[in-house]
Number of protein chains: 2
Amino acid sequence: MNPTIYDVSRLSGVSIATVSRAFSNPERVREDTRRKVFEAAEVLHYSPNAIARAMARQRTDKIAFLICKEGATILDEFYAGICTGIMRETNRSDFELVISTAADWDTASNTSKNKQVEGVILGGNARPDMIAELQNRDLAVVLVNNRIQGLDIPCVVSDEYGGVRQALEHLIGRGHRNIAMLAGRFSPYILGERYRAFLEVTQAHGLPADTRHIKLCDPTVESAAEACLELLSRQDRPTAIFGGNDVMAAGAMKAALRLGLRVPEDLAVTGLDDSSACGMLEPELTSVHIDCRRMGELSVARLQALLAGETDVPQVTVVPTELRVRGSS
Amino acid sequence: MNPTIYDVSRLSGVSIATVSRAFSNPERVREDTRRKVFEAAEVLHYSPNAIARAMARQRTDKIAFLICKEGATILDEFYAGICTGIMRETNRSDFELVISTAADWDTASNTSKNKQVEGVILGGNARPDMIAELQNRDLAVVLVNNRIQGLDIPCVVSDEYGGVRQALEHLIGRGHRNIAMLAGRFSPYILGERYRAFLEVTQAHGLPADTRHIKLCDPTVESAAEACLELLSRQDRPTAIFGGNDVMAAGAMKAALRLGLRVPEDLAVTGLDDSSACGMLEPELTSVHIDCRRMGELSVARLQALLAGETDVPQVTVVPTELRVRGSS
DNA sequence: TTGAAAGCGCTAACAA
DNA sequence: TTGTTAGCGCTTTCAA
């Protein structure tokens, strides 16, 4: 049996109320009383029981990270990074974290309900009705790696626009005038930002700003390779391809190989994500680094601000990206 | 304010004890009473408060997954897979999961203490003294991806020996007689199994079973590439290299390229992990698939068995591997 | 600054 | 089969 507040009270000779205060409002108990309490606690290896505390306080200090995503690999490198950031930041505070993956709404709903969380960080493609229900239930909600227009909810995203710009300007700086982009089927927000960035940046540099240079495909090696085969067989074939993630960029490299084109001499390729595979590829893949860790940390910060009742919580937090130039471009 | 058991009691006209029973021991309340209770609960959107329940039961039904690992990328693809399995299996039961990474013991200790967990799954390199302390504190403990001799504790591991055998026999089947293995600096258990497997399997097939063919290096592309450069410059240079993970295998492919050797014609390469990068490499990497998901699920099962007081919990659970042959061999 | 006491929402032993 | 009741370990008024 673990020691309780009563044991500490008895040993230190003060009431349980004082012991309680010593732990949760130390400044409200006299210096020497406090010392007595802590000494007794030390002797007994006492630490407050979080369950009982939650019960009395009617607060759990518990938050959830809910990844709304389909497919087998829920926790891919990207979300694992976000997750790491969230864990790190949660550990630093007194909050507790429950992680759940939920393609379906029932699981999601259960998680937030049964686990008694007070706030949730939604990753992936959370549907607006899910969000609404959570908010109705009086939960604090933050979106990570997503943004939904017209919804009163803080979100933390990476600088999609800036990331595309960095990649494109790098390629343009290398002299490329005919650049294609592989757009994966990501969320509307991400896709929107990337289209906009591609068109505006190419135009700003006097290149033909044409959606013909944007190719929509699945974010898989094969789908990207096929898309590239088509791109590279055009009359005016691109000399550089910007993949919407590293997997697609790898597909582009494969397409080049099949056509006997050398990377980067005949075709420059850049990716996005800066995943661990970049260094494994040959040539190594230039990629836009996304600070997933930071995104995770910031989502926790926003959620805690919300929970603390702060009124000026930023609606949009943009995490900068950084280009990592390697052999493929 | 959420509805409580009292609200349901009032609305359904039965005592709170009966409501409680209806939820936790349905078979102990009469059919129609039960129906009344559930109807009232439905109307009120009631569901039992887990905190209060834990308080009364003096049980939390909460387990922790503790990844004991150094370095920036705690949640790599491997552990993310295990984590997914753990989450999936935990979701299926009424248990709650808290995930924590802990290179240091303090965090680990805190996690299990403050979060009031009843059992922990230890991933990575858990030190024996950590384990002992957890067990002393009367917690159920299971090891995943590790095994420590002489310790009374269930562990779930992948079939390291079998994995090495599959890779080697595949290469031998392809006619290779001079095979080298890159051993990463993994845990003593894993390293031990792999050495043993390499020596026994090569010997069994009449190849020179010599530790000279095993090269210890860091599990990074660069370290592996260097190690291979040395291997490939030997008089009797290997015609096949088995990397201890996919990253090292990628390093081997790079070494081959630098020496102008073609893969797989001049040098066959196989990896281990079957990570997502396999399909991105060129040629695609043959690799031994590890069923991380399953490992995670089984660790939860073992932990729950322990928690349920079962006495015949298997001490060692071995998860089979499977060779995925691709272009690199 | 400290203490007494009333909960927080539920379970489980016991009684009916 | 159902109800009564005494906790579970803590926080937080309120009074001293």
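Since we're looking at a predicted model, the values are computed, not measured. Once a new chain begins, its residue numbering starts again from 1 and follows that chain's sequence as written. Naming scheme: in the order in which they are written, chains are lettered from A and ligands are numbered from 1. Reporting of local features is limited, given that this is a predicted model, to residues whose pLDDT is at least 70; pairs of side-chain atoms are given and counted only at 80 or more, and all residues count toward the totals for whole chains, interfaces and linings. Side-chain figures throughout are based on the complete set of non-hydrogen atoms in the structure, without hydrogens or water.

Description of the overall build of chain A
For step 1, the next point in the chain: In this description a helix means any DSSP run of H or I spanning at least four residues, a strand means any run of E spanning at least two, and both kinds are numbered starting from the N terminus. Looking only at helices and strands, chain A has 12 helices and 12 strands in total.
For step 2, the next point in the chain: Just to be clear, the radius of gyration here is over C-alpha atoms, and the globule rule we use is 2.2 Å times residues to the power 0.38. Its C-alpha atoms give chain A a radius of gyration of 26 Å, more than 25% over the compact-globule value 20 Å for 329 residues.
For step 3, the next point in the chain: Out of the 329 residues belonging to chain A, those deemed buried represent 54%.
For step 4, the next point in the chain: We call two residues contacting when some pair of their heavy atoms lies within 4.5 Å. Look at the contacts in chain A between residues 6 or more apart in sequence, and 67% of them connect residues 24 or more apart.
For step 5, the next point in the chain: Of the roughly 14400 Å² that chain A leaves accessible, carbon and sulfur atoms contribute 48%.
For step 6, the next point in the chain: Charge-centre separation for chain A: the mean point of 37 positive side chains lies 3 Å from the mean point of 43 negative side chains. Summary of the burial criterion: residues with accessible area below 20% of their type's maximum are buried, those above 50% are exposed, and those between are partly exposed, where the area comes from a 1.4 Å probe applied to protein chains only. Only the protein chains shown count as cover for residues, and all accessible areas are computed by the Shrake-Rupley method using a 1.4 Å probe. Charge convention: Lys and Arg are scored as positive, Asp and Glu as negative, and His as well as the terminal groups of each chain are ignored. Just so you know, the charge point we use is NZ for Lys, CZ for Arg, CG for Asp and CD for Glu.

Description of the pattern of salt bridges
For step 1, the next point in the chain: Salt bridges are defined by distance alone: a side-chain nitrogen of Lys or Arg within 4 Å of a carboxyl oxygen of Asp or Glu. With the rule as written, the count across this model stands at 48 salt bridges over all chains.
For step 2, the next point in the chain: The salt bridge partner of glutamate 230 of chain A is arginine 234 of chain A, with a shortest N-O separation of 3.2 Å.
For step 3, the next point in the chain: Taking the shortest distance from any N to any O, the salt bridge between lysine 254 of chain B and glutamate 282 of chain A comes out at 2.7 Å. Highlighted residues: lysine 254 of chain B in helix α11 (residues 246-258) and glutamate 282 of chain A in the loop between β9 (268-273) and β10 (286-289), drawn from two different chains.
For step 4, the next point in the chain: In this structure lysine 254 of chain B comes out as buried when scored by relative accessible area, which is 3%.
For step 5, the next point in the chain: With a relative accessible area of 43%, glutamate 282 of chain A lands in the partly exposed category.
For step 6, the next point in the chain: Linked through salt bridges whose partners overlap, the residues forming this network are Asp274, Glu322, Arg324 and Arg326 of chain A.

Overview of the relation of the copies chain A and chain B
For step 1, the next point in the chain: In this comparison the copies share one frame, found by least squares on the C-alpha atoms of residues holding pLDDT of at least 70 in both. Screw-axis analysis of chain A against chain B gives a translation of 0.1 Å along the axis, an RMSD of 0.1 Å, and a rotation angle of 180°. Here the symmetry operator amounts to a two-fold rotation axis.
For step 2, the next point in the chain: Interface overlap between copies: 100% of the residues of chain A at the interface are likewise at the interface in chain B, consistent with a symmetric, same-surface contact.

Points about the pairing of β10 of chain A
Residues and elements named next belong to chain A.
For step 1, the next point in the chain: Here a strand pair is declared whenever DSSP counts at least two bridges between the two strands. Note that β9 and β10 share four bridges and pair parallel. The partner of aspartate 273 across the bridge, within β10, is histidine 289.
For step 2, the next point in the chain: Summarising the sheet, β10 and strand β12 (residues 322-324) pair through three bridges and their orientation is antiparallel. Following the sheet pairing, valine 288 is matched in β12 by leucine 323.

Considerations on the sheet that holds strand β11 (residues 316-319) of chain B
Residue and element names in this part refer to chain B.
For step 1, the next point in the chain: Strand order in the open sheet formed by six strands is β2-β1-β3-β4-β5-β11, and the pairing between neighbours is parallel. What marks the edges here is a single partner per strand, and that holds for β2 (96-101) and β11. Each adjacent strand pair in this sheet contributes to an overall mean axis angle of 20°, direction not counted.
For step 2, the next point in the chain: Geometry is summarised by axes, namely lines fitted to C-alpha atoms with helices restricted to the contacting stretch, and by angles between N-to-C directions that run from 0 to 180 degrees. Each of β1 (62-68), β3 (119-124), β4 (140-144), β5 (155-158) and β11 touches helix α12 (residues 292-307); the most contacted strand, β4, lies at about 160° to it.

Looking at the nonpolar core
For step 1, the next point in the chain: Nonpolar cores are built from buried Ala, Val, Leu, Ile, Met, Phe, Trp, Tyr and Cys residues. Side-chain atoms within 4.5 Å join them into one set. Formed by 94 residues in total, the largest nonpolar core has its most connected members in Phe65 and Ile82 of chain A together with Phe65 and Ile82 of chain B.
For step 2, the next point in the chain: If we skip the residues at most four places from it in the chain, isoleucine 82 of chain B touches Phe65, Val144, Asn145, Cys292, Met295 and Gly296 of chain B.
For step 3, the next point in the chain: The next biggest cluster of nonpolar side chains, apart from the first, holds 52 residues, and it includes Cys228 and Ala256 of chain A together with Ala180 and Ala252 of chain B.

With respect to the sheet that holds β9 of chain A
Residue and element names in this part refer to chain A.
For step 1, the next point in the chain: The strand order β7-β6-β8-β9-β10-β12 describes an open sheet built from six strands, whose pairing is mixed. Because the sheet does not close on itself, it has two edges, and the strands there are β7 (214-217) and β12. Taking the axes of each pair of neighbouring strands and ignoring which way they run, one obtains an average angle of 20° across the sheet.
For step 2, the next point in the chain: Note: strand β6 (residues 179-184) against strand β8 (residues 240-243), four bridges, orientation parallel. Across the sheet, the residue bridging to leucine 182 is glycine 243, located in β8.
For step 3, the next point in the chain: Packed onto the sheet, helix α11 (residues 246-258) meets β6, β7, β8, β9 and β10 and runs at close to 165° relative to β9.

Section: the interface of chain A and chain B
For step 1, the next point in the chain: In this assembly, 45 residues from chain A lie in contact with 45 residues from chain B.
For step 2, the next point in the chain: The contact between chain A and chain B buries some 3700 Å² in all, and 59% of this surface belongs to carbon and sulfur atoms.
For step 3, the next point in the chain: Considering only the side of chain A, the residues that lose the most area to chain B are Ile51, Lys254 and Met280 of chain A, jointly responsible for 19% of the buried surface there.
For step 4, the next point in the chain: Our enumeration of links across chain A and chain B arrives at six salt bridges.
For step 5, the next point in the chain: Taken together, the elements giving at least two residues each to the side of chain A that touches chain B come down to α4 (50-57), α5 (77-92), β2 (96-101), α6 (105-114) and α11 of chain A.
For step 6, the next point in the chain: Here the side of chain A that touches chain B takes six residues from β2 of chain A, the largest share from any one element. By buried area we mean the combined loss of accessible area, with a 1.4 Å probe, across both parts when two parts are placed together.

Observations regarding unusual backbone geometry
For step 1, the next point in the chain: Omega for the peptide link from glutamate 282 of chain A to proline 283 of chain A comes to -5°, which places this bond in the cis form.
For step 2, the next point in the chain: Tracing the sequence through the fold places proline 283 of chain A in the loop between β9 and β10.
For step 3, the next point in the chain: Cis geometry is adopted by the peptide bond preceding proline 264 of chain B, which originates at valine 263 of chain B and carries an omega value of 10°.
For step 4, the next point in the chain: With respect to the helices and strands, proline 264 of chain B occurs in the loop between α11 and β9 (268-273).
For step 5, the next point in the chain: For asparagine 145 of chain B, which is not glycine, the phi torsion reads 60° and is therefore positive.
For step 6, the next point in the chain: Here asparagine 145 of chain B shows up in the loop between β4 and β5.

A closer look at helix α1 (residues 5-12) of chain A
Residue and element names in this part refer to chain A.
For step 1, the next point in the chain: Along α1, the residues that are buried comprise Ile5, Val8, Ser9 and Ser12. Looking straight down α1, one finds its buried side chains confined to an arc of 100°; they lie on one side. Opposite the buried face of α1, by more than 90 degrees, sit the exposed residues Tyr6 and Arg10.
For step 2, the next point in the chain: Directly after α1, the chain includes glycine 13, whose backbone phi takes a positive value near 80°. Directions are taken from the helix axis to each C-beta atom, and the arc is the one they span.

Concerning the UniProt feature "domain: HTH lacI-type" (unreviewed entry) in chain A
For step 1, the next point in the chain: UniProt positions are given in the numbering used here, feature names are shortened, and annotations may be inferred rather than shown by experiment. In the numbering adopted here, UniProt assigns the feature "domain: HTH lacI-type" (unreviewed entry) to residues 3-57 of chain A.
For step 2, the next point in the chain: Within residues 3-57 of chain A, the helical portion is 71% and the strand portion 0%, while the C-alpha atoms at the span's ends are 20 Å from each other.

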